[in-house]
Every structure is written in structure tokens, then in C-alpha cells.
Amino acid sequence: MSVNVLFSAHADRWPQYRDLLTSAIITTGVDFNLATDFDPAEVDYVVYAPNSGLRDFAPFARLKAVLSLWAGVESIVGNPTLTVPLARMVDHGLQQGMTEWVTGHVLRHHLGMDRHITGQDGIWRTDVPPLAPSRTVCILGLGELGQAAGKALASLGFNVTGWSRTPKSIPEVTCFDGASGLQTALEGAEILVLLLPDTPATTNILDAKTLAKLPRGAVIINPGRGPLIDDDALLAALGSGHVGHATLDVFRTEPLPPDHPYWSHKRVTVTPHIASETRPETAVLAIAENIRRGEAGEPFLHLVDRTLGY
Ligand code: NDP
């Protein structure tokens, strides 16, 4: 019997995915139907993005798995109607995009590019930026994206540190874990990159107390999730000069409301959740592989731990 694969994402994604996903699943040898609409009781797999609006999985009686197009699963992981395995997106294109975005914004601050791009004033200043080995970049979250960005920064010569829930050993990255590890990681972080998931344990991980551990003038780069930061505490730290700049891609409310103080703050850079987007060309391979695995009775890749929330 054919398996039915429901594509449930924002309508504008379907034209981008239809042919690519069809081709990718064909290569697995699985007999399938792919559509944006089925009788829920007849769906085997849901390819899912939160912006589809699908919230109630109860009618999906024979569902085998939900395959998320997004790496971040905070909006679905606690859904009580979802009782089947949930896999998140881990994909080369997503890693490449995040690595480029993080590296670009780290280099901007490391080199002090703004001085020349926006501060050109006819004065011949010869301040030379330091070399990367004398700059510590700390990454909170050493998962798929944090490790990829960390390795790229280390290859440029930066002194890279990182922090995760469980202990890690990563070449060229000094790894910390646990509460005392967080303190040490923050104390050295001249540039701090947040690549943690949004879970109950990471909410407001950057608050007044943890921000105070950063060296004065530290730069914060957040492509992780908005709730990782206590916004009032960050604005206070920016106001006092303790934090030198914040480059923020993600926010508690998206789109960021036009009157939010971040938009007009001269030491905040807002980017509209574009750090890294799932790329259909590579993401369809990850989706197809999990459908193949499901049909072959093999374990799914990149399953979300529902108790940890990521
Ligand atoms: P992973 O699950 O691979 O990595 C998460 C990392 O965070 C792991 O190292 C994990 O530790 C660590 N972590 C989780 N909880 C804690 C905790 N309580 N204390 C310390 N460390 C913790 O995720 P990805 O790298 O794939 O993605 C990270 C996040 O990036 C996503 O959840 C999403 O929010 C965001 N994202 C943003 C995008 C954008 O465009 N702005 C695009 C894609 C993703 P451990 O290794 O020990 O498990």
C-alpha cells in the first residue's frame, strides 16, 4: 500500500518543495502519494512547518511520524495531540547558512567594520583591529549549528569556546558545560553567540545576572531564539555600556513590532529571522531519508527528546 505524505507548511512553500520532495522520495523506492490535503485518518507522515496552522494531530489515526522542516521545534514539541515520533531538521544547507551568517556578524564586530562603513568622516585613523587569535568568541549551544559555526570560526583563528548541556570534546573549541561552565564561558566571551533551542531550561538564560558576567563591552549575537534573552535586562545592559552591541535575528514576538525599542537602538542590529532558512534542495533529502527509514523499520534520524524539548 502507498504511504501518504502530507506537506503541511505555509502555502508559498509548496511550489518550492513539490517537485524536489517528489524526486527525493522516489529515490528511496518507497511507494507514496504526496499532497497538501488528505483525509487526516489516511496520513502516514506529516512534513511540517508551524506556519501551516496545523495544531490538532488527534484525527491522524495512522500517523507514523512528524518530520519538521524547521530545526527549532518549540512550537510543536509540547503539543499534547502529538503522540508519534517528531524529527527536526538537520541539514547541510541550514548549517551552511547559519555558519555564513554567524561568521559574517562576528567578523563585523571583530574588525570594527562599522567605523568605516558608517563613520567615514575625512579623518585618517590608523587603528588596526586585533587578529582573531586574540579574540574569544563563545557559542552557547554546541549542537548541529553551534558546532558548524564554531569550527568555521576556529578555522579563521578565533579563540572559540562553547557551552552545552552535556560535556563535549570538539577539536579547536574549548568546551564547557553545567552551571559553573556557563559562568566561565561568559566571563571570557568578548563576542557571545546564542545557538540554544528555546526550552523551559533556556528561557531567559541571558538575564541581568548572566549578562553581568560578560566582559564590559561584549557583543551579543542571537540567531537562536528570542526567549533566550530577557529583553529588559539586555536593554539595561546596552544602556549602561556593559554590553557593547546586540545583533538579534530572533525575537519573542515576530515580526518585531515597529515600535519595539530594538529597532531604533543605535547599538542594536535587527535582522528579520533570516540567519538561516531551511533550503529545499538539501532539506528534502533529510525528509526522504526519514520516510525511507520509517518504512524499513529503521530508527528515525534527529528525533526530538520530548522531555528536554529539543
Ligand atoms: P541542536 O539540538 O543540535 O543543539 C542544541 C544545543 O543546545 C546542544 O549543544 C545542546 O546541548 C544545547 N542545549 C540545549 N539545552 C541546553 C541547556 N539547558 N543548557 C545548556 N545547553 C543546552 O540544535 P541546532 O544546533 O540544530 O539548532 C539550535 C537552534 O538554532 C534551534 O533550536 C533554533 O532555535 C535555532 N535556529 C535558528 C535559525 C534562524 O534562522 N535564526 C535557523 C535554524 C535554527 P547538548 O549538546 O548537550 O544536548
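What counts and what doesn't
What you see as residue numbers is a count from 1 along each chain, following the sequence as written. The predicted origin of the model limits local features to residues at a pLDDT of at least 70 and limits the giving and counting of side-chain atom pairs to 80 or more, whereas totals for whole chains, interfaces and linings rest on all residues. Values reported for side chains reflect all heavy atoms of the structure, with hydrogen atoms and water molecules removed beforehand. Strands were regarded as paired on the criterion that DSSP finds at least two bridges between them. Numbered from the N terminus, helices here are DSSP runs of H or I no shorter than four residues, and strands are runs of E no shorter than two. Residue contacts follow a heavy-atom distance rule, with two residues in contact if any of their heavy atoms lie within 4.5 Å. Geometry is summarised by axes, namely lines fitted to C-alpha atoms with helices restricted to the contacting stretch, and by angles between N-to-C directions that run from 0 to 180 degrees. Exposure classes here rest on a 1.4 Å probe applied to the protein chains alone. A residue is buried below 20% of its type maximum, exposed above 50%, and partly exposed in between. UniProt positions are given in the numbering used here, feature names are shortened, and annotations may be inferred rather than shown by experiment. Orientation is classified from the angle alone, with under 35 degrees giving roughly parallel, over 145 giving roughly antiparallel, 65 to 115 giving roughly perpendicular, and any other angle giving oblique. Take the far helix as the reference: if the near one is turned anticlockwise from it by less than a right angle, the crossing is left-handed, and if turned clockwise, right-handed. Charged means Asp, Glu, Lys or Arg here, nonpolar means Ala, Val, Leu, Ile, Met, Phe, Trp, Tyr, Cys or Pro, and polar covers whatever is left, Gly included. Only heavy atoms are used to decide nearness, and a residue is near a molecule or strand if one of them lies within 4 Å of it. Pairing of N or O atoms within 3.5 Å defines a polar contact, subject to two protein rules: one partner must be a possible hydrogen donor and the other a possible acceptor, and residues neighboring in sequence count only if both atoms are side-chain atoms. Surface exposure here means Shrake-Rupley accessible area, sampled with a 1.4 Å probe, where a residue is shielded only by the protein chains that are shown. One speaks of a salt bridge when a side-chain nitrogen belonging to Lys or Arg is within 4 Å of a carboxyl oxygen belonging to Asp or Glu. Orient the strands so they point away from the viewer; a crossover is then right-handed if the path from the first strand over the helix to the second runs clockwise. Here, expected helix span is obtained from the residue count minus one, scaled by 1.5 Å. The charge count treats Lys and Arg as positive and Asp and Glu as negative. His and the chain ends do not count.

### As for the sheet that holds strand E5 (residues 86-87)
If you walk across this open sheet you meet the 5 strands as E2-E1-E3-E4-E5, and the pairing is parallel. Each edge of the sheet is formed by a strand with only one pairing partner; in this case those strands are strand E2 (32-35) and E5. Looking at chain direction, strand E4 (residues 65-68) and E5 are connected through 2 bridges and run parallel. By the bridge assignment, valine 66 is partnered in E5 with leucine 86. Against the sheet, helix H1 (residues 14-26) touches strand E1 (3-8), E2 and strand E3 (45-48), its axis set at about 170° to E2.

### Let's talk about unusual backbone geometry
Peptide bonds are, in most cases, trans, and in most cases residues other than glycine have a negative phi. Between glutamate 254 and the following residue, proline 255, the backbone shows a cis peptide bond with an omega angle of -5°. Its location among the elements puts proline 255 in the loop between strand E11 (243-248) and helix H8 (261-264). Even without being a glycine, glutamate 172 presents a positive backbone phi close to 70°. Of note, glutamate 172 is situated in the loop between strand E7 (159-164) and strand E8 (173-177). Overall, glutamate 172 belongs to the exposed group, its relative accessible area being 63%. A positive phi angle, near 55°, is found at asparagine 204, a position not held by glycine. On the secondary structure map, asparagine 204 appears in the loop between strand E9 (191-194) and helix H6 (208-211). Asparagine 204 gets classed as partly exposed once you look at its relative accessible area, which sits at 27%.

### So, the UniProt feature "domain: D-isomer specific 2-hydroxyacid dehydrogenase NAD-binding" (unreviewed entry) in the protein chain
Listed under "domain: D-isomer specific 2-hydroxyacid dehydrogenase NAD-binding" (unreviewed entry) in the UniProt record, and renumbered for this structure, are residues 108-275. Annotated as residues 108-275, this span is 29% helix and 20% strand, and its ends, taken at the C-alpha atoms, are 15 Å apart.

### Topic: the packing of H1 against helix H9 (residues 280-296)
For any two helices packed against each other, the geometry is given by the interaxial angle and the distance between the axes. At their nearest, the axes of H1 and H9 sit 9 Å apart, and the two run at 45° to each other. In terms of their interaxial angle, H1 and H9 are classed as oblique. Note that H1 runs across H9; the crossing there is right-handed. Contacts from Gln16, Tyr17, Leu20, Leu21, Ala24 and Ile25 in H1 reach Pro280, Glu281, Ala283, Val284, Leu285, Ile287, Ala288 and Ile291 in H9. Its residues assigned to classes, the contact of H1 with H9 comprises 12 nonpolar, 1 polar and 1 charged.

### Some words on the site of the ligand
Around the ligand, the surrounding shell holds 29 residues, and the nearest of these are Arg88, Thr166, Lys168, Pro223 and Tyr310. Between the ligand and leucine 142 there is a distance of 2.9 Å, counted from an oxygen atom to a backbone nitrogen or oxygen. Glycine 143 has a polar backbone atom sitting 3.0 Å from an oxygen atom of the ligand. Considered on its own, the ligand offers 940 Å² of accessible surface; in the complex 92% of this is hidden by protein.

### Quick look at the pattern of salt bridges
Summed over the entire model, instances satisfying the criterion amount to 14 salt bridges. Across the salt bridge formed by aspartate 114 and arginine 108, the nearest N and O atoms sit 2.5 Å from each other. Since its relative accessible area comes to 28%, aspartate 114 is described here as partly exposed. Where arginine 135 meets glutamate 190, a salt bridge forms, and the shortest distance between an N and an O atom there is 3.5 Å.

### Describing the sheet that holds strand E10 (residues 218-222)
Strand order in the open sheet formed by 7 strands is E8-E7-E6-E9-E10-E11-E12, and the pairing between neighbours is parallel. Two strands bound the open sheet, and with one partner strand each, they are E8 and strand E12 (268-270). Across this sheet, the average inter-strand angle for adjacent strands is 15°, counted without regard to direction. Bridge count for strand E6 (residues 136-140) against E7 is 5 bridges, and the pairing is parallel. Bridge pairing links valine 137 to valine 160 in E7. Across the sheet, helix H4 (residues 144-155) touches E6, E7 and E8, and the angle it forms with E6 is around 170°.

### A few points about the pairing of E7
Counting buried positions along E7 yields 5 of 6 residues, so the element is predominantly enclosed. A crossover links E6 with its parallel partner E7, the connecting element being H4, and its sense is right-handed.

### Notes on H4
Side chains that are three or four residues apart share a direction in an α-helix, a result of its 3.6 residues per turn. Along its 12 residues, H4 runs 17 Å from first to last C-alpha, staying within 8% of the 16 Å computed at 1.5 Å per residue. Restricting attention to buried positions, one finds in H4 the residues Leu145, Gly146, Ala148, Ala149, Gly150, Leu153 and Ala154. The elements touched by buried residues of H4 are helix H2 (92-111), E6, E7 and E8. Positive phi shows up at glycine 157, right after H4, with a value of about 105°.

### Thoughts on the side chain of aspartate 249
If you trace the backbone, aspartate 249 turns up in the loop between E11 and H8. For the buried aspartate 249, no salt bridge exists, and the shortest N-O distance to an oppositely charged side chain is 6.7 Å, to arginine 225. Within polar-contact distance, the side chain of aspartate 249 engages the side chain of threonine 271 at 2.6 Å. Among the polar contacts listed, one links the side chain of aspartate 249 to the backbone nitrogen of isoleucine 274, at a separation of 2.7 Å. Residue contacts for aspartate 249: discarding those within four places in its chain leaves Trp101, Asn222, Pro223, Glu254, Thr271, Pro272, His273, Ile274 and Ala275.

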